[in-house]
Amino acid sequence: MIHFQHVTKTYKGSWKALDDVTLQIAKGEFVFLTGPSGAGKSTLLKMIYMDERPDALRGGQVLVSFGSENVYDSRQTRDAEIQRFRRMLGIVFQDFKLLDDRDVFENIAFALRVTGHRSSDIRARVFELMALTGISHRRNAFPHTLSGGERQRVAIARAMANDPLLLVADEPTGNLDPENARRVFDILRKINERGTTVVMATHNPELYGSSPFRRLILDRGRLAAKDYI
Ligand SMILES: Nc1ncnc2c1ncn2[C@@H]1O[C@H](COP(=O)(O)OP(=O)(O)OP(=O)(O)O)[C@@H](O)[C@H]1O
Ligand SMILES: [Mg+2]
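Just so it is clear, the model here is predicted, and its values are computed rather than measured.

J.: A description of the environment of Ile-82 should follow, citing residues and the corresponding values.
T.: Structurally, Ile-82 can be placed in helix H2 (residues 79–86). Taking C-alpha positions, Ile-82 is 21 Å from Thr-8, a pair spaced 74 residues apart along the chain.

Below is the structure:
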C-alpha cells in the first residue's frame, strides 16, 4: 500500500530530515514508527499524506496505492488531486488540530458534512465513533474543556469518520498517562482489526515493546534496521 523508494527530504536551510529511506507497508498492517525527537518521524508521515514531497533532485519517490487503479505518486499527484486522496486517509496530527469553536460531536461530524452525507447518517456514524473511542459522554463539550486524552480520542474519532483505508497517527499517545495511552492504542488496534492499515509514530516503549507489530526505527533521517523493512 505504501512504498518509499530512496526517499530523501531536505528542508530549506537544514540537513536531511529523511535520508535515502526505502520501505514498504502492506495493506492491513499495523506499523510503529519510532526514533528520537528530530529523527524524521513526522516528516515521514507527512510524506505518506503528501503534505511534504521528496526533494525534486534525487529525492526518490513515494507511492500510496489503494488498488491497482488508484495509485498516488509523489512525483505526479497534483495539488488538486490531494483532497480526493486525503479523503481515503485518516490523519491524527501531533497537535490534534481540533476546531475550537465546535463541540465534540461537530468536530467528528465535520469531515462527513464536507463529503455530503445525510444528516441522519451523520448522526448515527458520529455516535458509533464516539462509542468506539469512549467519548460519548463529552459530546457537547468544546475542545478547550477536554483533557489531553479526551482530545486525542476526538482526533482519532474524527480521523475514522470516513472509514479510511489508511490511518496515519503522529504520536497519538504523546502526553498521556500509561492507562490512557494504552486505551488509545487499544482503539487503534481495534480499528486495524477491522481492516484499516495503521502507521503510528510513538515514543512509548510500553506500547511497541509488548506488541507483535513491526517497528520502523528512524535515526537522524535514516532507517536504523534494514531487516525491519
Ligand atoms: N518545516 C520545517 N522546516 C525546516 N526544518 C524542519 C521542518 N520540519 C521539520 N524540520 C526538521 O527536520 C527534522 C525532522 O523533524 P520531524 O518533525 O520529522 O522529527 P520527529 O521525529 O517527528 O520529532 P519529534 O519526535 O520531536 O516529533 C528536525 O531536525 C526538524 O528540525
Ligand atoms: Mg514529530
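J.: Just give me the short version of helix H4 (residues 119–133), but keep the residues and values in it.
T.: The first and last C-alpha atoms of H4 sit 21 Å apart over 15 residues, in line with the 21 Å expected at 1.5 Å per residue. Within H4, the full set of buried residues consists of Ile-122, Arg-125, Val-126, Leu-129, Met-130 and Thr-133. For H4, the angular spread of buried residues about the axis comes to 135°, placing them on one side. Residues of H4 that are exposed and point more than 90 degrees away from the buried face comprise Ser-120, Asp-121, Ala-124 and Ala-131. Within two residues after H4, Gly-134 carries a phi angle of roughly 70°, on the positive side.

J.: Explain the site of ligand 1 to me, using residue names and the numbers behind them.
T.: Ligand 1 sits among Tyr-11, Ser-14, Ala-17, Gly-35, Ser-37, Gly-38, Ala-39, Gly-40, Lys-41, Ser-42 and Thr-43. Looking at the shell around ligand 1 element by element, the count peaks at 3 residues for helix H1 (residues 41–48). Considered class by class, the residues forming the shell around ligand 1 number 3 nonpolar, 7 polar and 1 charged.

Cut-offs applied
- Residues numbered from 1 in each chain as written.
- Chains lettered and ligands numbered in written order.
- Predicted model: local features only at pLDDT ≥ 70, side-chain atom pairs only at ≥ 80, totals over all residues.
- Helix = DSSP H or I, 4+ residues; strand = E, 2+ residues; numbered from the N terminus.
- Expected span 1.5 Å × (residues − 1).
- Buried ≥ 20, exposed ≤ 12 C-beta atoms within 10 Å, placed from the backbone.
- Arc of directions from axis to C-beta.
- Near = placed C-beta within 6 Å.
- Nonpolar A, V, L, I, M, F, W, Y, C, P; charged D, E, K, R; others polar.

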